[in-house]
Every structure is written in structure tokens, then in C-alpha cells.
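# Overview (structure and organization)
For reference, the chains in residue letters:
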Amino acid sequence: MKHKYAPYLFIAPAFILLIMFSLVPIVISLVISFTDMNLAGLADYSRINFIGSENYTNIINDPVFLTSIKNTLYYAIIGVPLVLMLSMALAIFINMGNNRYFSLMRLVFYSPSITNIVAVAIVWNFIFNPNQSIGLLNQLLGYVGVGPIGWLTDPNISKLSLIVLAVWKGIGINMLIFSAALQNIPDTIYEAADLDGANKWQQIRHITIPQLKFSTFFVLVTTIIGWLQFFEEPFIMTEGGPLNSTMSVSLFIYRNGFQLNRFGYAAAGSLLLFVVIIGATIVQMRIQNRSKEQ
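Heads up: these notes are all about the structure in this document.

So, how was this worked out
- Residues numbered from 1 in each chain as written.
- Predicted model: local features only at pLDDT ≥ 70, side-chain atom pairs only at ≥ 80, totals over all residues.
- Heavy atoms only, no water.
- Phe/Tyr/Trp six-rings, centres within 6.5 Å; stacked < 30°, edge-to-face > 60°.
- Helix = DSSP H or I, 4+ residues; strand = E, 2+ residues; numbered from the N terminus.
- Buried < 20%, exposed > 50% of the residue type's maximum accessible area, 1.4 Å probe, protein only.
- Lys NZ or Arg CZ within 6 Å of the ring centre and 35° of its normal.
- Expected span 1.5 Å × (residues − 1).
- Arc of directions from axis to C-beta.
- Contact = heavy atoms within 4.5 Å.
- Axes fitted to C-alpha atoms, helices over the stretch in contact; angles between N-to-C directions.
- Parallel < 35°, antiparallel > 145°, perpendicular 65-115°, else oblique.
- Left-handed = near helix turned anticlockwise from the far one by under 90°.
- Nonpolar A, V, L, I, M, F, W, Y, C, P; charged D, E, K, R; others polar.
- Bend = angle between axes of the 7 residues up to and from the residue.
- Polar contact = N/O pair within 3.5 Å; in protein donor to acceptor, adjacent residues only side chain to side chain.
- Core = buried A, V, L, I, M, F, W, Y, C linked by side-chain atoms within 4.5 Å.

We now examine the packing of aromatic side chains. Under the defined criterion, the tally for this structure stands at 14 aromatic pairs. Ring centres of phenylalanine 65 and phenylalanine 252 lie 5.2 Å apart, and the angle between their planes is 55°; this geometry places the pair in the tilted category. Highlighted residues: phenylalanine 65 in helix α4 (residues 63-96) and phenylalanine 252 in helix α13 (residues 249-259), separated in sequence by 187 residues. Looking at phenylalanine 65, the relative accessible area reads 4%, which means it is buried. Here phenylalanine 252 falls in the buried class, since its relative accessible area comes to 4%. Members of the aromatic cluster, joined through ring pairs, are Phe231, Phe235, Tyr254, Phe258 and Phe263. Its guanidinium or amino end placed over the ring of tyrosine 74, lysine 159 lies 5.4 Å from that ring's centre, counting from NZ or CZ. We note arginine 262 situated over the ring of tyrosine 265; from NZ or CZ to the ring centre the distance is 4.0 Å.

This brings us to helix α6 (residues 117-128). Here α6 is 12 residues long and its end C-alpha atoms lie 16 Å apart, about the 16 Å a rise of 1.5 Å per residue gives. Among the residues making up α6, those that are buried are Ile117, Val120, Ala121, Trp124, Ile127 and Phe128. One side of α6 carries all its buried residues, which in axial view fall inside an arc of 120°. Turning to α6, the residues buried within the fold contact α7 (136-142), α8 (158-182) and α12 (232-237).

Okay, the packing of α4 against α8 next. Contact geometry of α4 with α8 gives a least axis separation of 7 Å together with a crossing angle of 40°. It follows from the interaxial angle that α4 and α8 lie oblique. Where α4 crosses over α8, the handedness of that crossing is right-handed. Its residues placed into classes, the contact of α4 with α8 shows 20 nonpolar, 7 polar and 1 charged.

In this section: the side chain of serine 29. Mapped onto the elements, serine 29 comes out in helix α1 (residues 6-32). Beyond its immediate stretch of four places on either side in the chain, serine 29 contacts Ala267, Ser270 and Leu271.

Between the first and last C-alpha of α4 there are 50 Å, a value that for 34 residues agrees with the 50 Å anticipated at 1.5 Å per step. The largest bend along α4 measures about 25° and falls at glycine 79, with the proline proline 81 one to four residues further on. The distance from a side-chain oxygen at the start of α4 to the backbone nitrogen of valine 64 is 2.9 Å, and the residue carrying that oxygen is aspartate 62.

Formed by 52 residues in total, the largest nonpolar core has its most connected members in Trp124, Phe128, Phe178, Leu212, Trp227 and Met237. When contributions to this core are tallied by element, the ones reaching two or more residues are α4, α6, α8, α9 (187-195), α10 (200-211), α11 (213-228), α13 and α14 (263-293). With 11 residues, α4 is the largest single contributor of residues to this core. Residues within four places of phenylalanine 178 in sequence aside, it is in contact with Leu84, Ser87, Met88, Ala91, Leu212, Ser215, Thr216 and Val219.

Within the secondary structure, asparagine 71 sits in helix α4. In terms of polar contacts, asparagine 71 uses its side chain to reach the backbone carbonyl oxygen of asparagine 244, at 3.0 Å. Setting aside residues up to four positions removed in sequence, asparagine 71 forms contacts with Lys159, Asn244, Ser245, Thr246 and Met247.

Here it is, written out as C-alpha cells:
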């Protein structure tokens, strides 16, 4: 009997932190979204007025917010499959080698994930610089008579430029997750496949990839959430421009909350983003559960 509550005691610290830093902020944000709260309201709560659903009505009719939704979906639709496929492919091919070179490659591909975003931005701003005498990409294209291209200044190209940067930065951590999962696949399965005459590609297709299904599901969920919260790259590289062509929902929320001093409006946007993320996660969980039952 005395050990009955022991499990609850062990999970209590994590549960308390979850309530304090996740659930409570969500509830506070929900309350703020129904007000006109700003910096003056922070200093004097009497200046905060309840305005009902006005923030939500305005935000769903805000053309900049609608543009940010389209941009975020564009980022996710292109970026998520690229990160998933490239990180899995790198993990599989690096896992095939046993010498120090492959260990070094694992470190090389992981390093962008832990590199400071400001340092990354300096390098990639040099690469994407539209000036053909400065920008690396435009210099290389100039040798074949192409360019210069406005990688970060052309509204039709700037989103793709940010996707390239984000994919380069994001594949490392997911590669490590797949690499860890690959270590748990028994060697006996591959030995049996060798005896049956299966080549490397057939082993990857029929053994490795199916054995990675749980890791794939985890990476897929976390990657989708990450791309729906896409913020650092457009904030550092383009500030949402040109002409809001790279504006993401998270950057829209930041701009309205911390630059335009519209906390209630930003809170409404954050709640809408929260609902989308929860909905996307639930859909993926149900798909995963159905695949288990089949």
C-alpha cells in the first residue's frame, strides 16, 4: 500500500513542469486572445478590454495572415518530405560503412543542427547574395552565363531558398534518430536475406525501411510540427519579405505581438496555429493506429 503512489511521485516533477510551462501559458494565451491587450495593458490591467471574438474575426480576414498560412503550408509540403527522405537515406548509407570516414560523415551532417542560427545566416547570406560579384551561387551561375538571381529578393524564389537552408539545417538530428533505430535491426535478418540472394537495394527496400516505421512516424510528426512553426529562417534571412512572400505564421505572430504591440491579436493567431498543430498530430496518430491494426 505504501508503494501505491510511488509512480505518481516519480512523474510529479515532469507533470508540474508541463502544467507550469505548457498548459498554463496556453490558458493565459486563450484569455488574452479575447482582449485588446498591449504594453499599456501590461502596466495597468484596467486598460485591458474584453472584445470577444473580434481578434479572431479580424485575423481570419487579414490578407497577411492568409498569406502566412499559404507560405507555411508551402514550406511544410516541400520541406517535410525532403527532410524525411534525405535524413533516412543518409542514415542508411552511413550505417553501411564501418570505418572512421563514415563516423566523420555522421558528424559533418549533424553539425548544422547544432550550429548557431546567426552564424548560419551569415554564411548563407553570402551564398544567396544577389550581387554576382559577391554571392557564391550567382558567381558560379555567372560562369555559365546565367543570373544574377535574387535568391532572397525575388518573391517567386525566396521561399525555395529558405527551404534549402532549413533542410540543410534539419536533416542532421533526424539522421541520428534513424541511425539509432538502425542499430536495433538484428543482423540475422540481413544474413538470411543474403542467403536468399537479396541484393543491397532489396534488403533496404524490404527489410531496412519497414523496420524503421516507428522511427519514421516519430520523425514525421516532429518534422511537421517543426515546419508548421517555421520561424528562425525567415526571421533571420528575410524578415518575412519581399512583399510578405516568406512570411510564416510564427513570424506573423511574433511581428504582431512584439513589434506591433498587439498581444491579443498575436495570441489569437497562436491559438489558431496550436489548433492546426494538434489537429495534424491527431490525424497522424490515427493513421498510425490504423496501420498497426492492419
